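Residues per chain, in single letters:
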Amino acid sequence: MPQLKRDPRPGLIAIAMAAVLVTAACGGTTRGSEQDDPAAGRATGQANPDAPLAEGLDVAFLPKQVNNPYFTVADGGGKTAVEEFKGSFKEVGPSEASASSQVSYINTLSQQGTDVIVTSANDPNAICGALNSARQAGAKVVTFDSDTKPECRDVFVNQATAEGIARNQVELISEQIGGEGKIAILSATPNATNQNAWIELMRAELAKPEFAKVELVTVAYGNDEDQKSFQETQGLLRSYPDLEGIVSPTTVGVAAAARYLSGSQYKGKVALTGLGTPNQMREFVKDGTVRSFALWKPADLGYLAAFAGAALASGRITGAEGEEFEAGRLGEFTIGAGGVVVLGPPSVFDAENIDQFDF
Ligand code: RAM
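Residues numbered from 1 in each chain as written. Predicted model: local features only at pLDDT ≥ 70, side-chain atom pairs only at ≥ 80, totals over all residues. Heavy atoms only, no water.

As annotated in an unreviewed UniProt entry, the protein is Rhamnose ABC transporter substrate-binding protein from Saccharothrix xinjiangensis. Of the comments in the UniProt record for the protein, the one headed Subcellular location (unreviewed entry) reads "Cell envelope". (UniProt positions renumbered as here; feature names shortened; annotations may be inferred.)

(A) Looking closely at the sheet that holds strand 8 (residues 243–248). An order of 7-6-8-9 is seen for the four strands of this open sheet, with the pairing classed as parallel. Only two strands of the sheet have a single partner each, and these edge strands are strand 7 (214–221) and strand 9 (271–274). Strand-to-strand twist in this sheet, taken as the mean axis angle between neighbours without regard to direction, amounts to 25 degrees. Here strand 6 (residues 181–187) pairs with strand 7 via seven bridges, running parallel. Counterpart to Ala 184 in the pairing with strand 7 is Thr 218. Strands strand 6, strand 8 and strand 9 of the sheet are contacted by helix 8 (residues 251–262), whose axis makes an angle of about 165 degrees with strand 9. (Pairing = 2+ DSSP bridges. Helix = DSSP H or I, 4+ residues; strand = E, 2+ residues; numbered from the N terminus. Axes fitted to C-alpha atoms, helices over the stretch in contact; angles between N-to-C directions. Contact = heavy atoms within 4.5 Å.)

(B) Geometry of the sheet that holds strand 5 (residues 155–158). Taken in spatial order, the six strands of this open sheet run 2-1-3-4-5-13, and their pairing is parallel. Single-partner strands in this sheet number two, and they are strand 2 (88–91) and strand 13 (340–342). Neighbour to neighbour, the strand axes of the sheet diverge by 20 degrees on average, direction disregarded. Where strand 1 (residues 58–62) meets strand 2, four bridges bridge the pair, whose relative direction is parallel. Its bridge partner lying in strand 2, Ala 60 is registered against Lys 90. Each of strand 1, strand 2 and strand 3 (116–119) is contacted by helix 3 (residues 99–111), which is oriented at about 175 degrees to strand 1, the strand it contacts most.

(C) Structural detail: the site of the ligand. For the ligand, the set of nearby residues contains 14 residues, the closest of which are Lys 64, Asp 145, Asn 194, Asp 224 and Thr 251. The contact in question runs from an oxygen atom of the ligand to an N or O atom on the side chain of Asn 194, over 2.9 Å. Between the ligand and Gln 195 there is a distance of 3.0 Å, counted from an oxygen atom to a side-chain nitrogen or oxygen. About the coverage of the ligand: the protein hides 100% of its 290 Å² of free accessible area. Contributions of two or more residues to the shell around the ligand are made by helix 2 (69–84) and helix 6 (193–206). For the shell around the ligand, the element with the highest residue contribution is helix 6, accounting for three residues. The residue inventory of the shell around the ligand, partitioned by class, reads five nonpolar, six polar and three charged. (Near = heavy atom within 4 Å. Polar contact = N/O pair within 3.5 Å; in protein donor to acceptor, adjacent residues only side chain to side chain. Areas by Shrake-Rupley, 256 points an atom, 1.4 Å probe, with all protein chains shown as cover. Nonpolar A, V, L, I, M, F, W, Y, C, P; charged D, E, K, R; others polar.)

(D) Structural view of the environment of Glu 55. Here Glu 55 lies in the loop between helix 1 (10–25) and strand 1. When residues no more than four places from it in sequence are discounted, the contact partners of Glu 55 are Phe 85 and Lys 86.

(E) Quick look at the nonpolar core. In this structure, Phe 85, Phe 144, Val 157, Trp 296 and Phe 325 are the most contacted members of the largest nonpolar core, which totals 82 residues. By residue number, the principal contributor to this core is helix 10 (residues 298–313), which donates 11 residues. Not counting residues within four places of it along the chain, the set of residues in contact with Val 157 comprises Val 142, Thr 143, Phe 144, Asp 145, Leu 301, Leu 304, Ala 305, Ala 308 and Val 341. Counting 14 residues, the second-largest nonpolar core is a separate cluster that includes Val 92, Leu 109, Ile 117 and Leu 131. (Core = buried A, V, L, I, M, F, W, Y, C linked by side-chain atoms within 4.5 Å. Buried < 20%, exposed > 50% of the residue type's maximum accessible area, 1.4 Å probe, protein only.)

(F) Broad picture of helix 2. Taking 1.5 Å per residue, 16 residues should reach 22 Å; helix 2 reaches 23 Å between its end C-alpha atoms and fits that length. Those residues of helix 2 that sit buried are Tyr 70, Phe 71, Ala 74, Asp 75, Gly 77, Gly 78, Ala 81 and Val 82. End-on view of helix 2: buried residues confined to an arc of 145 degrees, all on one side of the axis. Those residues of helix 2 that are buried are in contact with strand 1, strand 2, strand 4 (140–144), helix 8, strand 10 (292–295) and helix 10. Sitting at the head of helix 2, Asn 68 places a side-chain oxygen 2.9 Å from the backbone nitrogen of Tyr 70. Immediately downstream of helix 2, the backbone of Lys 86 shows phi near 60 degrees, a positive value. (Expected span 1.5 Å × (residues − 1). Arc of directions from axis to C-beta.)

(G) Structural detail: the pattern of salt bridges. Under the definition given, this model contains 10 salt bridges. Between Arg 282 and Asp 355 there is a salt bridge, with the nearest N and O atoms lying 3.2 Å from each other. Remark: Asp 355 occurs in the segment after strand 14 (347–350) and Arg 282 occurs in helix 9 (residues 278–286); sequence separation between them is 73 residues. Connected via shared salt-bridge partners are Arg 282, Lys 286 and Asp 355. (Salt bridge = Lys/Arg side-chain N within 4 Å of Asp/Glu carboxyl O.)

(H) A look at the packing of helix 7 (residues 226–239) against helix 8. Packing of helix 7 against helix 8 brings their axes to within 8 Å, and their N-to-C directions diverge by 55 degrees. The orientation of helix 7 with respect to helix 8, classified from their angle, is oblique. Here helix 7 runs over helix 8; the crossing is right-handed. Across from Asp 226, Gln 227, Ser 229, Phe 230, Thr 233, Gln 234 and Leu 237 in helix 7, the residues of helix 8 making contact are Val 252, Gly 253, Ala 256, Ala 257, Arg 259, Tyr 260 and Leu 261. For the contact of helix 7 with helix 8, the per-class residue count stands at seven nonpolar, five polar and two charged. (Parallel < 35°, antiparallel > 145°, perpendicular 65-115°, else oblique. Left-handed = near helix turned anticlockwise from the far one by under 90°.)

Structure below.
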């Protein structure tokens, strides 16, 4: 931890301390800044777009789980960014997508005086208390990939709009089953903020007249575990022998479902799409199990999240709508409503283009 690491933002520390004192003086009922910003633990203050980007920041990435190639690539993008702004990077996290495990990691990072915590939440509520304690201790919190409740973080870096992802997934599966038939969703964990938002919006999309003949029969949860996702796929086909297609909006789920289908009588008959990494899905596109699927660039997502964290920790932004910041090679981004920054639309991969991608 560099000696000078908190020096670039003495103003923010003073404001945070003042907020604590005001809270104490008023018996916890009011805070001086509350009407401007009701978010618990948020160090309020003016953004200074001209503030230099601090060097020596301690930046920690805490993904949903560490043994998931998607997060390996995303966090690798974060590391690239941290090296560019001369901070120190580390990745910590559970091997299973568990919110309670994430809480322990957050508490440790907070005790270590981490400047920026970048995390993908396994649950919108369960890690909130720990994140707000970390923020009160001086950390900036960026969620990426999967958000918490907005009041528990400073900025959420979203991979694409949830509506855009939901529309993409429904269009892909509808096209692949010829616009008619039963489909199922194979999701990640039941509490995952991102997957649940997409599923809700997929239901809304399916309610539109153009998808009237596509029937969503069930949602199964593979918990972002390869074996469980594989077995859940098998279970779906047993329970619904007339299933036409599966949508799995998780890289772990879609790869496991593809592996099951490719070795079964359903290969090429039951359609499968979802959100997958080209490297995990390539063999299943080549063997005819999967026609097309989608994803954004996970490395860019991590890279952008790290730069958002650095801009926060340097006082360049506070997380308010309309603020702008530079994210290295990705250029300038503007914070939208609710403290959300959007990376960009997802890409679709198929036999034509999959060999051009290596992630
Ligand atoms: C899995 C995770 C992650 C999600 C991707 C698409 O790796 O569930 O949160 O964004 O899939």
